[in-house]
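Now for the letters of each chain:
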Amino acid sequence: MPPMRMGRALMAVVVASVLAAGALAPAASARPAPVSPSSASSPSPYERAIPPLTDDRGRTLTLRGWNVEDKANRGEDALSAITERHFRDLRARGFNFARLLVFWDDLEPRRGQYSARYLARIERILDWAHQHRVHVLIDAHQDVFGPAFGHRGIPEWATRTDGLPFTPNPDDWFSEYFQPAVQRAFTHLYEDPDLQRAQAAMWQVLADRFGRHPAVIGYDLINEPMGELKEGEDLPAAARRIEAEHLTPLYNRLARAVRAKDRTTWIFVEPTPIVGEGVPTGLGRIEDRRTVYAPHFYNTAMEAGADYDPSAGWIEAYEAAITAYPARHRMPVVVGEWGPLNNALPNMGRFYREAVDSLNRYSSGWAGYVWCYGGGYCAVDAQGRFRTNKERTATPYAPAVAGAVRSEAYDADTRSYRLAYRAAARPGATELSLPPSPRGWRVSVTGPALVTGGPGAPSRGGWPVVRAWPGSEVVVTVREGGPYGRTDHP
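Residues numbered from 1 in each chain as written. Predicted model: local features only at pLDDT ≥ 70, side-chain atom pairs only at ≥ 80, totals over all residues. Heavy atoms only, no water.

Colleague: What's the story with the pattern of salt bridges in this structure? I'm lost.
Modeller: Note on pairing: side chains with opposite charge can pair once their charged atoms come close. This model, assessed by the stated rule, comprises 27 salt bridges. A salt bridge links R74 to D105; the nearest nitrogen and oxygen atoms lie 2.8 Å apart. Residue R74 is found in the loop between β3 (63-68) and α3 (84-92), and its partner D105 is found in helix α4 (residues 104-107); the two are separated by 31 residues along the sequence. With a relative accessible area of 41%, R74 lands in the partly exposed category. Judged by relative accessible area, which is 5%, D105 ranks as buried. One salt bridge in this structure joins D162 and R184, with 3.0 Å as the shortest N-O distance. Note that D162 is positioned in the loop between β5 (135-140) and α6 (180-191) and R184 in helix α6, a separation of 22 residues in sequence. Note on R184: relative accessible area 23%, which makes it partly exposed. Residues participating in the shared-partner salt-bridge network are R99, D139, D220, E270 and E337. (Salt bridge = Lys/Arg side-chain N within 4 Å of Asp/Glu carboxyl O. Helix = DSSP H or I, 4+ residues; strand = E, 2+ residues; numbered from the N terminus. Buried < 20%, exposed > 50% of the residue type's maximum accessible area, 1.4 Å probe, protein only.)

Next comes the structure, spelled out in structure tokens:
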């Protein structure tokens, strides 16, 4: 979504609509209790119901990373702002995941004519990611539908407005989603058979070309889909109707198209952005066994420039609302975008701590917005140093666990991480990610297991690996301080 900066007038409309629908503040009984490291061994009902993301070896995966994009360049220069440095730096900071923004208007600038140059650029980026052991989610991105409205995404030849008006609002571009022409364009995309076929064909081109690439973990079928509101309809009601009547069939249709070319890669589906205010989704069942629920995690007040308000209960409301759908349909969760613009405001340190704790309770991973070198939403500055509070996203975790996770928790106060799991019946490698620390990390293991790797272990990118006796109970503890990769075996 960003750079968004939702205008205050629109923000007021969104919040008022959500409050009127009773969605922003769920009953206290619906809010998940805060989880401390000491209580992490007692998962909540939704945690037990939401399955983990897994790899082709059956290992439990955790994805931590950032969006990677080039919105500035197009045509012959498309994707040129993305370099190998992005993936080298992601990996060096302990991240293993990138959500790569691609644009249909660059891929198919004229109907039926796909850009060989653009596909080659995507492949080069995927090669860099694979070299640095970063999983990539290919995201079919759109902002305010596409270039017909001055943005990126759906091509102009696929934009139908029925002559309805559109007035640009560069000071509040998210409000442009509510322009009549933009809303009608979404309706035609969802309902017109020839546009349905064109969108499916676009995804088949991507799946056929990249389905066997070792870096690709998934396909995000459309970024932040919106739709047309009916007269007198409030935003929460409209969002649920659009999700039920338009997005559910869209996702099933595109999933079938992808599966004709690629039968195994995960498919990621998003609700509308209105879920950011704690509105439960209206999405129905997606008839594909390898589907991931991929909501975004943005708050209208913070996007408009406000500081985090811990008393508002937004994180708790979001978590309660967002977990019902994947628990009901037994789908893993990966949050595709999150992170405020004004990350240095007084309460933002607390926000990052509480947001990361929440995301890690119910999701298999997340991608912050955005890995770039500068100001604004960028994760790091021009020298590659984390910008204020964004270093809180880099903590120890287990990218892959060869077994069933019993509990997992990171304590920011003590800078310690604890993972308990039952090793799988067949031997496998459990990987640990430890971000750079001047004090180093001490890794210890309880149970019949051995820790190997660390610096100088190129086969695992320098990350420690735990190999446990099949079927055994193992506890891995990581504490800051002490020689990196040191192991104890009580």
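Colleague: Would you take a moment to explain the state of the cysteines for this structure?
Modeller: By definition, a disulfide is the covalent link that joins the sulfur atoms of two cysteine residues. Under the counting rule described, the total for this entry stands at one disulfide. Across a sulfur-sulfur distance of 1.9 Å, C372 and C378 are joined as a disulfide pair. Its S-S torsion of approximately -110 degrees makes the covalent link between C372 and C378 left-handed. (Disulfide = S-S within 2.5 Å.)

Colleague: Before we go on, may I ask you to explain the environment of T393 in this structure?
Modeller: Within the secondary structure, T393 is located in the loop between β11 (365-368) and β12 (397-401). When its relative accessible area of 2% is taken as the criterion, T393 is described as buried. T393 sits 298 residues away from F95 along the chain, and the two C-alpha atoms are 9.3 Å apart.

Colleague: For this particular structure, what's the right way to read helix α10 (residues 314-322)?
Modeller: Every α-helical turn comprises 3.6 residues, leaving residues that sit three or four positions apart pointing alike. Counting buried positions along α10 yields eight of nine residues, so the element is predominantly enclosed. Among the residues making up α10, those that are buried are W314, I315, A317, Y318, E319, A320, A321 and I322.

Colleague: Sorry if this is basic, but what is going on with the side chain of E233 here?
Modeller: With respect to the helices, strands and loops of the structure, E233 is situated in the loop between β6 (216-220) and α8 (235-259). There is a polar contact of 2.9 Å between the side chain of E233 and the backbone nitrogen of K230. Within the local environment of E233, its side chain forms a polar contact with the side chain of R241, the two groups lying 2.8 Å apart. Discounting residues that sit within four places of it in the chain, E233 has contacts with A238 and R241. (Polar contact = N/O pair within 3.5 Å; in protein donor to acceptor, adjacent residues only side chain to side chain. Contact = heavy atoms within 4.5 Å.)

Colleague: Mind showing me how you'd approach the pairing of strand β19 (residues 473-480) here?
Modeller: The side chains of a regular strand alternate, residue by residue, between the two faces of the sheet. Bridging between strand β14 (residues 416-423) and β19 involves seven bridges; their strand directions are antiparallel. When the sheet's bridge partners are listed, R422 is paired in β19 with E473. The pairing of strand β16 (residues 441-446) with β19 spans six bridges and is antiparallel. Among the inter-strand pairings, V445 is bridged to a residue of β19, identified as V476. (Pairing = 2+ DSSP bridges.)

Colleague: What exactly am I supposed to notice about the sheet that holds β11 here?
Modeller: Paired through backbone hydrogen bonds, the strands of a sheet run either parallel or antiparallel to each other. What the seven strands build is an open sheet, ordered β8-β7-β6-β5-β4-β3-β11; its pairing is parallel. Strands with a single pairing partner mark the edges of an open sheet, and in this sheet they are β8 (291-293) and β11. Taken pair by pair, the neighbouring strands of this sheet meet at an average axis angle of 30 degrees, ignoring direction. As judged from the six bridges shared by strand β4 (residues 97-102) and β5, these two strands associate in the parallel manner. From the neighbouring strand, V102 faces β5, where its bridge partner is A140. Taken strand by strand, α3 contacts β3 and β4, and its axis lies near 155 degrees from that of β3. (Axes fitted to C-alpha atoms, helices over the stretch in contact; angles between N-to-C directions.)

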